[in-house]
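Letter by letter, the chains look like this.
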Amino acid sequence: MVLRMEEVLNIDGLRLTSREDLVAAVKKAERAISQLRARQLVLLRELSRRSWPSEGTDTARLARDLDVSHRTADALLETARRTPELSPQMSELASGDATFDRAHALAELFMAGGREIELAEAKDKDIAGIRRLAARCRRIRRRDERQAHQERHVRSWLSLDETAGFVNAQLGAVEWHTVTTALDRRADEIPRSTGSREQRRADALVAIAHDWLSGHLNDASSGGALVSVTVDATTAGATDAEAGVRVTAGPRIGPDTLDAIVCEGAVEVLIDRDSGMPLAVGPTGRVVPPKVRRTVLTRDQGCTIGHCNSRYRLEVHHIVPRSRGGTHDLENLTTLCWYHHHIEVHRAGNAIDLTSPPDQRRIVPAPDW
Ligand SMILES: [Zn+2]
Ligand SMILES: [Zn+2]
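The model shown is predicted, which means the values in this text are computed figures rather than measured ones. Counting of residues starts from 1 at the beginning of each chain's written sequence and follows it residue by residue. To label them, take the chains in the order written and letter them from A, then take the ligands in the order written and number them from 1. Two thresholds apply to this predicted model, a pLDDT of at least 70 for residue-level local features and 80 or more for giving and counting side-chain atom pairs, whereas whole-chain, interface and lining totals are computed over all residues. Excluding hydrogens and water, the side-chain figures rest on all heavy atoms present in the structure.

Q: Mind laying out the pairing of strand β11 (residues 333-336), listing which residues take part and the relevant values?
A: A simple rule labels every residue: compare its accessible area, found with a 1.4 Å probe on the protein chains alone, to the largest value its type can have, and call it buried under 20%, exposed over 50%, or partly exposed in between. Numbering goes from the N terminus for both helices and strands, where a helix is a DSSP run of H or I of at least four residues and a strand is a run of E of at least two. Here β11 shows a buried face lined by Leu 333 and Thr 335 and a second buried face lined by Thr 334 and Leu 336. Relative to β11, strand β10 (residues 315-318) runs antiparallel, the two being bridged by 4 bridges. Bridged to Val 316 within β11 is Thr 335. Two strands pair under a simple rule: DSSP has to find at least two bridges between them.

Q: If you had to explain the coordination of the zinc ion (ligand 2) to someone new, which residues and values would you point to?
A: Four donors placed tetrahedrally about a metal ideally form angles of 109.5 degrees, and six donors placed octahedrally ideally form angles of 90 or 180 degrees. The coordination sphere of the zinc ion (ligand 2) contains the protein donors Cys 303 (SG), Cys 308 (SG), Cys 337 (SG) and His 340 (ND1), at a distance range of 2.0 to 2.4 Å. A donor here means any N, O or S atom no more than 2.8 Å from the metal (3.2 Å for Na, K and Ca); water is not included, so a site may seem to lack partners. Tetrahedral means four donors with every angle between 85 and 135 degrees, whereas square planar (four donors) and octahedral (six donors) require angles over 155 degrees between opposite donors and between 65 and 115 for all others; sites fitting neither are termed irregular. Classification of the site at the zinc ion (ligand 2) as tetrahedral follows from its 4 donor atoms and the range of 103 to 118° in their angles at the metal. Given the relative accessible area of 4%, His 340 is considered buried.

Q: Give me the coordination of the zinc ion (ligand 1): which residues, what numbers.
A: Of the protein atoms, only Cys 263 (SG), His 317 (ND1), His 341 (NE2) and His 346 (NE2) coordinate the zinc ion (ligand 1), at distances of 1.9 to 2.2 Å. Considering all 4 donor atoms around the zinc ion (ligand 1), the spread of angles at the metal, 99 to 119°, places the coordination shape in the tetrahedral class. Sequence spacing among the residues donating to the zinc ion (ligand 1) works out to C-x53-H-x23-H-x4-H. Here His 317 is found in strand β10, whereas its partner His 341 is found in helix α16 (residues 338-346), with 24 residues between them in sequence. Each member of the pair, His 317 as well as His 341, carries the same accessibility label: buried.

Q: Tell me what's going on with helix α15 (residues 290-300), and back it up with residues and numbers.
A: Within the sequence span of α15, burial applies to Arg 293, Val 296, Leu 297 and Asp 300. Looking straight down α15, one finds that the buried residues subtend no more than 95° of arc, so they occupy a single side. In α15, the exposed residues that point more than 90 degrees away from the buried face are Lys 291, Arg 294 and Thr 298. The contact criterion used throughout is that any non-hydrogen atoms of two residues lie within 4.5 Å. For α15, the secondary structure elements touched by its buried residues are β10 and β11. Each C-beta atom gives one direction from the helix axis, and the arc is the one those directions make.

Q: Quick one: what's the story with the side chain of Thr 79, residue by residue and with numbers?
A: Within the secondary structure, Thr 79 is located in helix α5 (residues 70-81). With near-sequence residues (within four places) excluded, Thr 79 lies in contact with Leu 41, Met 90, Phe 100, Ala 103, His 104 and Ala 107.

Q: Give a description of the packing of aromatic side chains that names residues and reports values.
A: Geometrically, a pair of aromatic rings is defined through the distance of the ring centres and the angle of the planes. Stacked, tilted and edge-to-face pairs are distinguished by plane angle, under 30 degrees for stacked and over 60 for edge-to-face with tilted covering the rest, among Phe, Tyr and Trp rings (Trp via its six-membered ring) whose centres lie within 6.5 Å. Here the structure, examined in full by the defined rule, presents 4 aromatic pairs. Ring geometry for Tyr 312 against Trp 338: centres 5.9 Å apart, planes inclined by 85°, an arrangement best described as edge-to-face. Residue Tyr 312 is found in the loop between α15 and β10, and its partner Trp 338 is found in helix α16; the two are separated by 26 residues along the sequence. You'll find Tyr 312 and Trp 338 in the same group, each marked buried. Residues Trp 338 and Tyr 339 carry aromatic rings whose centres are separated by 5.8 Å and whose planes lie at 70° to one another, so their mutual orientation is edge-to-face.

Q: Requested: an account of the pattern of salt bridges, with residues and values cited.
A: Think of a salt bridge as a Lys or Arg side-chain nitrogen and an Asp or Glu carboxyl oxygen that are within 4 Å of each other. Inspection of the entire model under this criterion finds 14 salt bridges. Where Arg 136 meets Glu 121, a salt bridge forms, and the shortest distance between an N and an O atom there is 3.8 Å. Placement of Arg 136 in helix α9 (residues 127-137) and of Glu 121 in helix α8 (residues 116-122) is noted, with a sequence separation of 15 residues between them. The exposure class assigned to Arg 136 is exposed, which follows from its relative accessible area of 63%. Here Glu 121 falls in the partly exposed class, since its relative accessible area comes to 34%. Each of Asp 184, Asp 188, Arg 197 and Arg 201 takes part in a single network of salt bridges with overlapping partners.

Written as structure tokens, this is what we have:
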């Protein structure tokens, strides 16, 4: 036999009841709920004491068994585990004088390290007040700190097509502070026009790595780390370098990156895509002949992009790229800072405006050379 909801709850009988009586009835129901919760907590505690380790009465399982939210299941388990320590509070719950939410907030306060003084202070507070109190006394235990230290790591991996790399890290709080402060300060030195704050932070990380690798800070003569690449002249030539070139023992790179390396870099082996002839050979072969490079750097006296006064890693850029027939002639070369050269020109698919004055260069989208 199925009862109608009205019959179960006797809703018809409530129609004539006053507001005060209704509020009283709602409160009475809450007391009954609290009493039931207290009983449920005792049962839960017993259950978690008995269960096999493999079965557990973990949050997910309880949420499934009771068909309640993860949050409710978590609150139930947390509170159930604290029933012995909070026995006065639990008797209030059992008698219906305190709600389950209060009992749970007190359990949280206890777990945060709150003891007699805090629990007494919590008496006069509402639920939100108890939560704030818990946040204030949450202790940083030695074992929490040691665990954080144990779990420190930096993971890095390449995307499947190897055109992008990812870095993910977990550090102790102080170490994290050191790293983020360094990244932020370094990012502040990068011209704002080169990207968003997060992009500049990424560039900052690369710059820090570059500096460490070359062992020179702001040294215009270092020009960048040695990159060893091997190129299959046939494949690379046939596909306009889109087949990808491999950095020795490193990732594959595409035509934009190859252009950047050919433009200003120290390469080990590089094969010209058209002729199949080596462009540069040798352990430290630099693409631009050193004498020409020095001449250009001296001539330009800094980054030639208008209004740029950065002197960070000044490099020599081929206005018409090598892959498009650009030469090492002095007119085809200009000095750029690392940000403008790598970040704003090569990586962003831009080029130097051929019509811009030699000491006030403009950056424009790369033409189809
Ligand atoms: Zn360049
Ligand atoms: Zn610049």
